[in-house]
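# Analysis of the macromolecular model
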Amino acid sequence: MTYKTLSGKEPAEEVLRDIEHRAKKLHRKPMLAIIVVGEYKPSQIYVKRKIETAARVGVDTEVHRLPEEIEEKELIALIERLNQDKKVDGYIVQTPLPKHINAQRVFEKIDPHKDVDGFHPRNMGKVLLNIFDENMFPPATPSGVMKILHYYNAPIDGANVCVVGRSNIVGKPIAMMLLHHNATVSICHTRTRDLASYTKNADILVVAAGNPGLVKADMVKEGAYIVDVGTTRVLIDGKDKVVGDVDFENVIKKANCSPVPGGVGPMTVAMLIANTVKAAEQNLARLNKKS
Ligand code: NAD
């Protein structure tokens, strides 16, 4: 029996083709602003990817780089400027932020209409309430996971799902989205007793722990659908590599599994740009209503 590699590249291309088409219909290019605080190396790589992908589909970007030691109130002052800036349709604050800055307090200052990462409590609340309307932005990574599962026809309705990780930006929202698709969801975390008893029972397993090699082949159900969100940078033979949470090489002999890299990463970027185009569409619709 061979199982599917749940590559994120093809579903991401599908999303990007649609975005490009929609962006062309607008009178001007959508604009995504990106705030980067400090020099954290992986963030620089992710931001570069976002800029390149946006450019490919006709979305402009501008980057605001702030020094590591910036005070929270200065970051919030920039956020307030971007909230007022008419040429910016949406923006994101690249995480992780330095430890002296309270990320949640920062997210709450973002205008929900421009919150294309979907981290504002209003957008998060809508995920909880299953209100995916024209005014909301679902968080990009969980939306990307859903897109991968749909693209590869993973049967979600009635499935036993295990989500490993309970963060606000990945674990909790993906658990809610799967619940809204009628799955029975268990959310596991560092205090879960006997993690394998949950993962083994899962028809769909989403792993977002940031713990390389956490999920091994003997912990998964034969034929399950497994999406590995984890990305950890490690040095292998002197080279900087990205690895996931799942032992892909062995798990793929037993179940369908997304690779790292090339799985959730490209999907996350595509969903972020999709939210930006949606923000531009909504922005123009509001302007037309006023005039
Ligand atoms: P986080 O550190 O906020 O949360 C990790 C969660 O995993 C916690 O809830 C913790 O309880 C759980 N966990 C950790 N070790 C565990 C273990 N041994 N057993 C059970 N649970 C365990 O991280 P996050 O922001 O949710 O990100 C998770 C991973 O996903 C990270 O590797 C991050 O880099 C990656 N990520 C990737 C993308 C992408 O686009 N590919 C986007 C966001 C996050």
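This text goes with the structure placed above it.
Positions within a chain are numbered from 1, following the residues in the order the chain's sequence is written. Per-residue local features of the predicted model are confined to residues with pLDDT of at least 70, and side-chain atom pairs are confined, for both listing and counting, to 80 or more; whole-chain, interface and lining totals are unaffected and use all residues. Side-chain measures here rest on the full set of heavy atoms in the structure, leaving out hydrogens and waters.

### Examining the packing of aromatic side chains
For any pair of aromatic rings, the description rests on two quantities: the centre-to-centre distance and the angle between the ring planes. Stacked, edge-to-face and tilted are the three classes for Phe, Tyr and Trp ring pairs, Trp counted by its six-membered ring, which pair at centre distances within 6.5 Å; planes under 30 degrees apart are stacked, over 60 edge-to-face, the rest tilted. Using the criterion set out here, one finds two aromatic pairs in the structure. Where Phe107 meets Phe119, the ring centres are 5.0 Å apart and the plane angle is 55°; that geometry is what we call tilted. A residue pair is termed long-range when its members are at least 10 positions apart, and Phe107 in helix 4 (residues 103-107) and Phe119 in the loop between helix 4 and helix 5 (121-129) qualify at 12 residues. Remark: exposure states derive from per-residue accessible area (1.4 Å probe, protein chains only) relative to the maximum for the residue type, with buried under 20%, exposed over 50%, and partly exposed in between. Of the residues examined, Phe119 reaches a relative accessible area of 10% and is grouped as buried. Ring centres of Tyr151 and Tyr152 lie 5.0 Å apart, and the angle between their planes is 75°; this geometry places the pair in the edge-to-face category. Only DSSP runs of H or I covering at least 4 residues are called helices, and only runs of E covering at least 2 are called strands; the numbering of each starts at the N terminus.

### Let's talk about the site of the ligand
Near the ligand lie 20 residues; those nearest to it are Arg166, Ser167, Gly210, Thr231 and Thr268. The separation between a nitrogen atom of the ligand and a polar side-chain atom of Asn211 is 3.2 Å. Within the complex, the protein chains bury 71% of what would otherwise be the 860 Å² of accessible surface of the ligand. For the shell around the ligand, the element with the highest residue contribution is helix 10 (residues 264-290), accounting for three residues. Of the residues in the shell around the ligand, the class split is eight nonpolar, 11 polar and one charged. A cutoff of 4 Å decides nearness: a residue is near a molecule or strand if any of its heavy atoms lies inside that distance of it. For the purposes of these results, a polar contact is taken to be a pair of N or O atoms within 3.5 Å, where, inside protein, one atom must be able to donate a hydrogen and its partner to accept one; residues adjacent in sequence count only when each atom of the pair is a side-chain atom. Computed with the Shrake-Rupley method and a 1.4 Å probe, the accessible areas treat only the protein chains shown as cover for residues. Gly counts as polar in this scheme, as do all residues outside two lists: the nonpolar Ala, Val, Leu, Ile, Met, Phe, Trp, Tyr, Cys and Pro, and the charged Asp, Glu, Lys and Arg.

### Some remarks on the sheet that holds strand 10 (residues 256-257)
Pairing within the open sheet is parallel, and its five strands lie in the order 5-4-6-7-10. Edge positions in the sheet fall to strand 5 (184-188) and strand 10, since each has one partner strand and no second. By the convention used here, residues are in contact when the closest approach between their heavy atoms is within 4.5 Å. Inter-axis angles, ranging from 0 to 180 degrees, are taken between N-to-C directions of lines fitted to C-alpha atoms, where helices are fitted over the stretch in contact. Each of strand 4 (160-164), strand 5 and strand 6 (204-207) is contacted by helix 7 (residues 171-180), which is oriented at about 170° to strand 4, the strand it contacts most. Strands were regarded as paired on the criterion that DSSP finds at least two bridges between them.

### Considering the nonpolar core
In terms of nonpolar packing, the biggest core is built from 51 residues, with Leu149, Leu178 and Ile204 touching the most fellow members. A total of 10 residues in this core trace back to one element, the largest contributor, which is helix 10. Excluding residues within four positions of it along the chain, Leu178 makes contact with Met146, Leu149, Ile156, Val161, Val163, Ala183, Val185 and Val206. In these notes, a set of buried Ala, Val, Leu, Ile, Met, Phe, Trp, Tyr and Cys residues joined through side-chain atoms within 4.5 Å is what counts as a nonpolar core. With 20 residues, the next largest nonpolar core counts Val37, Leu82, Tyr91 and Phe119 among its residues.

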